[in-house]
Amino acid sequence: MPQCRVVVTGIVQGVGFRPFVYRTAKKYNLNGYIMNAGNSVELLLDGSEEKIQGFLQWLKREHPPMAFVKEITVLNTQTNERFGDFFIRKSQEDGKTNSIIPSDVSICKACKEEIFDISSRRYLYPFIVCTDCGPRFTTIEMFPYDRQNTTMRDFLMCNECGSEYLDDGDRRFRAEPISCPVCGPTYELYTGEEKLVVSNPIQKGVDAIDNGKIVAIKGVGGTHLVTKTTEDEPVLRLRSILHRKYKPFAIMVKDIDHAMELAHVNQIEKELLESFPKPIVVLKKKESAKISGQIAPGLHNIGIMLPYSGTHHLLFHYSKEAAFVMTSANIPGEPMAINKEEIQSLKAQYTLVHNMRINNRCDDSVMKIVAGRDVFLRRSRGFVPQPIELAVENTKNVLALGAELDVCACLLTGKRAFLTQYVGNTTRLRTLEFLEEAIYNLMKINRVEKIDLIAVDMHPGFNTSRLGEKLAERFNAQLFRCQHHQAHIASLMAEHGIDKLVGIASDGAGYGLDRTVWGGEVFAVKNGFERCGSLMRQHMPGGDLASQFPSRMVAGILSRKYPVEELRNIMVGMRSFKNDREIDMILRQIKRRFNTPETSSTGRVLDAISSILDICHERTYEGEPALRLESMACGGRANVELPIVIKKLNNIYMLDTTELIDAVLLAKGDYICEDIAASAQKALAEGMVDIAIRVAKNKSIDSIGISGGVAYNDAIVRHIKERAVDEGFRFYTHCRVPCGDGGISLGQAAMAASIETTAGGAQTNSKIK
């Protein structure tokens, strides 16, 4: 009888792959074994050649719903060992870095039905899972994916769970997170530090929510702060606890029907909501939505997700509400709380916690449809640690640390780029420590011990840059400092596997090669980066204060056109400054160029428009003025003629944003703000794509793309895309990593892997792989 050894790589551990193969091998009457081998799955097949070939053909086209088969390697072998049956063998500890840890997924339909089956021993049990669903990445500590290598090793299986685990006819056959009320994790309810003695902690927690209280609930990969959606008072109290004055909260709804009652949901959005990862999806609110206006004040859209764990389904089972505010439970700027002490420190009125350890905290992923495509605002739960497959094999291991906000690190090894879960704002020490923990965890689960290259942002003040220096010394690795906006475009190119592009890098801020603040750049990438276009550099009176108070940006921009007295009259007329003293101080700063850096940022121009139109005069969270402007523009028509003035200076095309801002100001008395907002967005988009088209034609490049935070603005991206496509160009934007700084580490890694450097690590050439 012939034998063959088969090695399968991909997402093949923790997804029911071994039980699936076991059952099929029995169906084909094959003997042998299957086992987890390091990061892969290994089979030895013993049977007739015809049966083995039939089995292998099946293996190439069939797999469990959570599995992804990347490669099947078949090796002819002949052992002295004969097999009288097919069985699952104990896992091996060795193996190369060639397989992928699965991400967490929502509970399946069968488990959802069982949790409400009164005859089931898991009736109303919140931790119900099976082979096809439940936590994976958040519980795993190391490969191979076996119970003893996850946080579920803290819970010894009872006899009944053990029988199910070993029964090849049971849907929990070899389900590593299996548990039940007898042997599994349990919930406890606290008020302050006092444990409440209640028979059903979840039901009592829901009673508190229904009564307008705030409850911190520990879930699968982290913790949410939860309250009702139908009243202002609990939402405002939640804002007070989190010091989030206006930043939008996400909500969880009972089912897709309730999502459609609150928001407009198209087919793509419906598929995203119902997909295995169950991300938050940003949707356009319905005017008839019966929810508090304090959940997403000033915005036309709202983030909605569906239940993805047994706990979530039980919350709705016990509640009279059809939706909950559900936001990450963390001190502002710090990682999400995952242990009892951290959670209780948030000062929620009640705390509902379980005793299962979370090894890898993981925020909810957030997605949005932009110009007809689904894009990530945050790539985390349900997607991490799945890699981005690149077009080119890299021979060195590269670690990239991202920028400063919305940070995700990237580990590039071979053709795979592994991004960490969402980390966040690294200006905080605890978040920086979390970033380092996430990096080491990513290396551990992918069995990467050596780092050859480390890439960081070139901004000298970023904590990630200093961490990169420390890690470079620790790993004896070469350090690369990447220009922020080049890294955005490099990320876009790496994601799509292209080597030529005219890229529009459009965001709020990034440290430029000339040491000014960039944010509206056009690059030609063809065997290197060439900056060919930009928004006009504008003054930022007060530095970062101009980012916080957009009226300052208006003054800085218009100072290029108006003499001091006229500018002062304009500022007085805006009525957005505190008093005459503030106006005079700003004018002196502009005149003396004191603390008045220059910026070509698109974000600051959008902020200025938002301020002129009295939409937003103070930024209380990242991107707020531009987001509110986008919401205002959704209710208008782009029918106001605004100037698009492009000049050429030192071989760089410049979009004159002073003329644009001045025209917006003059239009304010003649048109409604909604129409001006829509027209201003269109004019800005037209100016940027006009430059990109000119550059593409001059450089004989057939592709145009956009990256950076502005690439989340649907109207701007649609205008750019339509114009580029009409002119015959291919158009690219992100779809596998975030457009903003959450995806920039991929670009940094790609740049570091392909840049020839001087001995000091300075960039001399860029070829994007």
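What counts and how
Residues numbered from 1 in each chain as written. Predicted model: local features only at pLDDT ≥ 70, side-chain atom pairs only at ≥ 80, totals over all residues. Heavy atoms only, no water. Core = buried A, V, L, I, M, F, W, Y, C linked by side-chain atoms within 4.5 Å. Buried < 20%, exposed > 50% of the residue type's maximum accessible area, 1.4 Å probe, protein only. Helix = DSSP H or I, 4+ residues; strand = E, 2+ residues; numbered from the N terminus. Contact = heavy atoms within 4.5 Å. Pairing = 2+ DSSP bridges. Axes fitted to C-alpha atoms, helices over the stretch in contact; angles between N-to-C directions.

Moving on, we come to the nonpolar core. Nonpolar side chains in soluble globular proteins tend to end up buried together. In this structure, Leu613, Val664 and Ile720 are the most contacted members of the largest nonpolar core, which totals 73 residues. Considering each element in turn, this core owes the most residues, 14 residues, to helix H21 (residues 673–699). Apart from the residues within four sequence positions on either side, isoleucine 720 is in contact with Ile504, Ala685, Met688, Val689, Ile706 and Phe731. Listed in part, the 60 residues of the second largest apolar core include Val8, Leu56, Cys111 and Cys130.

The strand order across the open sheet built from four strands is S19-S18-S20-S21, with neighbouring strands paired in mixed fashion. Since the sheet does not close on itself, it has two edges, and those belong to strand S19 (410–419) and strand S21 (478–482), each with one partner. Strand-to-strand, the axes of this sheet are offset by a mean angle of 60°, without reference to chain direction. Of the pairings in the sheet, the one linking strand S18 (residues 388–400) to strand S20 (residues 453–457) comprises three bridges and is parallel in character. Residue pairing in the sheet places leucine 399 in a bridge with isoleucine 454 of S20.

Next up on the list: unusual backbone geometry. That bond from valine 384 to proline 385 is cis: its omega, 10°, falls within 30 degrees of zero. Mapped onto the fold, proline 385 is located in the loop between strand S17 (373–378) and S18. Its identity is not glycine, yet arginine 447 carries a phi of approximately 55°, on the positive side. Relative to the assigned elements, arginine 447 resides in the loop between helix H11 (429–445) and S20. The residue asparagine 650 is not glycine, and still its phi comes out positive at about 55°. Along the chain, the position of asparagine 650 falls in the loop between strand S27 (646–649) and strand S28 (652–655). According to the relative accessible area criterion, asparagine 650 is exposed, its value standing at 69%.

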